[in-house]
Amino acid sequence: MEMKKKRTGRFIYGAMLHFLMIASAGITTILVIFMIIYVLWKGIPYVTWELLSTKPSYLSGKIGILPDILNTVYLILATLVVLLPLGVGAAVYLTEYAKNKKMVELIEYAAETLSGIPSIIYGLVGMLLFCQFLNLQKSLIAGACTLVIMNLPTVMRTTQESLKTVPQGYREGAFGLGAGKWHMIRTVVLPECMDGIITGCILSVGRILGESAALLFTAGFAHALNGLFDGLTSSGATLTVALYVYAKEEGEFEVAFAIAAILMILTFAMNLIADLTGKYFEKRRNT
Amino acid sequence: MKRRKTLETVIHGVFLAAGLITIAFVLMITIYLIIAGIPAIREIGLSSFLFGAKWESTANDPKFGILPFILTSIYGTAGAILIGTPIGFFSAVYLAKIAPKSVKRVVETAVSLLAGIPSVVYGLVGMLVLVPSIRKLFHVPDGASLLAAMIVLAVMVLPSIIKVSLTALAAVPKEYEEGSMALGATPVETYFKVSVPAAKSGIAAAVVLGVGRAIGEAMAVMMVSGNVPNMPSLFESVRFLTTAVASEMSYSSGLQRQALFSVALVLFVFIMLINATLNFLLKRQKEK
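Residues numbered from 1 in each chain as written. Chains lettered and ligands numbered in written order. Predicted model: local features only at pLDDT ≥ 70, side-chain atom pairs only at ≥ 80, totals over all residues. Heavy atoms only, no water.

## Quick look at the overall build of chain A
So, point 1. Each helix and strand in chain A was counted, giving 13 helices and 0 strands.
So, point 2. Written out in order from the N terminus, the α and β elements of chain A read α-α-α-α-α-α-α-α-α-α-α-α-α.
So, point 3. In terms of overall dimensions, chain A is more spread out than a globule: its C-alpha atoms have a radius of gyration of 24 Å, far above the 19 Å expected for 287 residues.
So, point 4. Each principal axis of the C-alpha atoms in chain A carries an extent, and together these give about 80 × 65 × 40 Å.
So, point 5. Counting every position in chain A, which comprises 287 residues, the buried fraction comes to 49%.
So, point 6. Residue pairs in contact within chain A that sit at least 24 positions apart in sequence constitute 74% of those at least 6 positions apart. (Helix = DSSP H or I, 4+ residues; strand = E, 2+ residues; numbered from the N terminus. Rg over C-alpha atoms; globule rule 2.2 N^0.38 Å. Buried < 20%, exposed > 50% of the residue type's maximum accessible area, 1.4 Å probe, protein only. Contact = heavy atoms within 4.5 Å.)

The following block contains the structure:
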């Protein structure tokens, strides 16, 4: 009797936990599916060629998001141009040059601290430092500089992970053939860690696409149509910032949902690209 | 030969600079926030700033008490963690130990999509789905409330909690589980009484990471919380530390602007404490 009671108890305990686990995983998945379907269903009908190819016009009262799309592209380009050398350089220093263990720990701790700081604080410091102190005003350049600081830990970490997998023998081989350290890094180490650099790039682009709080006070929210160089020095909204402004300040929910649908598709695409490149490099490494 | 040596030294210097720049950025952010944040606190007084219950920044006789923001941020984060942790925790155990490979792949893809969705999209959906439902369900005049913010934040912290717990659970040595099952425990008992305790530092780190995410989120919360500086209450429109900075920054000036920097400094102190805890937990997990 006692034995049987205990056994039913155990059975109920196990069944309950089992149920909770499946329910939780189910809730998570359903949430994602709901978000995707809801946003696409509400947004896709408003994604028209006109919306994508024009700028907002006061005359016709129509809204176009071409400037916001271009701003996003400019911002991504400008950020990556500065971010990649810095991030890869930091990673190379940590794995190839640094001999002092304390120093490595300090730099890694700093990088972790950076990745924990919320974007609104980046926005504030970016505004003080780049817009005011360096007198860049509200501009995409100021926004890009802020995003460089934000994304530095990401590129640094992915490159570092990849550098760690380069066999020590490659380096010794290069030295043995008489290569200098820089020559060795340039010809042996960097080509081997391309996967880490590319992964870092993809992750950073994803974050830049989704960023809004850090850009509101640094890049501003103008919708002017500019070329690359004028665009960089003037204020401009990216897609996410434009979504926020249209939804919160102007009540233009149709445009907001259209942008949300575009962002959702881009998020999909970024995830897919990250997956595929990961698989590609894994395959290449194993053969 | 000599030229090559100089070149090497220069290159070494360049890489050293790139390495040190992370530290420089952290110092710069800290110093900037302190310099910008201290003046208003000195003028208002530390205790009336931190514990003042009223924020009326644009009144003739302005009051700068940020207790409502601090409490709202703490309550909002706590609420999000209370909702998000159980779901995230059970999902992680399921994915790490029980889920068949195909299910695992689908759910993991879903989770990384969830992590990639921009916060303004969460805000938008929250604004148009969650806020009206709360209004109808609880018969309150406005659904933009602390509750709405808690739910949105709970969804947003889910991916962090799931991913970090999953890694910790997957790292538990197989021998522990095999030993437990050999002694007659069922698989589910083994997972919850052996694997979970073995991964507890990592799971704690996951929750702390979620706390950091939730307390730092600005835009999504701004869109669903109503943004009135009330003392926190579940169905009342509230303002967080992050949204306090975001909502007034664009038109502020003088002492009001400086006070906003002080709010950011307070937020930064919170974040630093959370980061320190996170690092401590991750280190402990690694040592195991």
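## Focus on the interface of chain A and chain B
So, point 1. Tallying the contact residues gives 76 residues for chain A and 75 residues for chain B.
So, point 2. For the pair chain A and chain B, the two sides together bury roughly 6,800 Å², of which 81% comes from carbon and sulfur.
So, point 3. Across the pair Arg10(A) and Glu189(B) runs a salt bridge, and its minimum N-O distance is 2.8 Å.
So, point 4. Broken down by element, the residue count for the side of chain A that touches chain B peaks at 20 residues, all from helix H1 (residues 2-43) of chain A.
So, point 5. Split into classes, the residues belonging to the side of chain A that touches chain B amount to 55 nonpolar, 17 polar and 4 charged. (Buried area = accessible area lost by both parts, 1.4 Å probe. Salt bridge = Lys/Arg side-chain N within 4 Å of Asp/Glu carboxyl O. Nonpolar A, V, L, I, M, F, W, Y, C, P; charged D, E, K, R; others polar.)

## Here's the deal with a negative patch on the surface
Residue and element names in this part refer to chain A.
So, point 1. Among the surface-exposed residues, Glu249, Glu250, Glu252 and Glu254 lie close enough to one another that they form a single negatively charged patch.
So, point 2. Locating Glu249 in the fold gives a position in helix H12 (residues 239-249).
So, point 3. Given a relative accessible area of 55%, Glu249 falls into the exposed group. (Patch = residues over 30% accessible without salt bridge, like charges linked within 9 Å, V, L, I, M, F, W, Y side chains within 5 Å. Areas by Shrake-Rupley, 256 points an atom, 1.4 Å probe, with all protein chains shown as cover. Lys, Arg positive; Asp, Glu negative; His and termini not counted. Charge placed at Lys NZ, Arg CZ, Asp CG, Glu CD.)

## Concerning the packing of aromatic side chains
So, point 1. In this structure the tally under the stated criterion is 9 aromatic pairs over all chains.
So, point 2. Ring centres of Phe89(B) and Phe192(B) lie 6.1 Å apart, and the angle between their planes is 75°; this geometry places the pair in the edge-to-face category. Within this pair, whereas Phe89(B) is found in helix H3 (residues 67-98), its partner Phe192(B) is found in helix H8 (residues 187-198), the two being separated by 103 residues in sequence.
So, point 3. By relative accessible area, Phe192(B) is classed as buried at 12%.
So, point 4. With a centroid separation of 5.8 Å and 45° between ring planes, the pair formed by Phe90(B) and Phe192(B) is classed as tilted. Placement of Phe90(B) in helix H3 and of Phe192(B) in helix H8 is noted, with a sequence separation of 102 residues between them.
So, point 5. Taken together through their ring pairs, the aromatic side chains of Phe34(A), Tyr38(A) and Phe257(A) make up a single cluster.
So, point 6. Between Lys181(A) and the ring centre of Tyr97(A), over which it is positioned, the NZ or CZ distance is 4.7 Å.
So, point 7. Of note, Lys193(B) hangs over the ring of Tyr13(A), and the distance from its end group to the ring centre comes to 4.8 Å. (Phe/Tyr/Trp six-rings, centres within 6.5 Å; stacked < 30°, edge-to-face > 60°. Lys NZ or Arg CZ within 6 Å of the ring centre and 35° of its normal.)

## Some details on the state of the cysteines
Residue and element names in this part refer to chain A.
So, point 1. Inspection of every chain in the model, using the stated rule, returns 0 disulfides over all chains.
So, point 2. Lacking any disulfide linkage, Cys193 is separated from the closest cysteine sulfur, that of Cys201, by 12 Å.
So, point 3. When its relative accessible area of 0% is taken as the criterion, Cys193 is described as buried. (Disulfide = S-S within 2.5 Å.)

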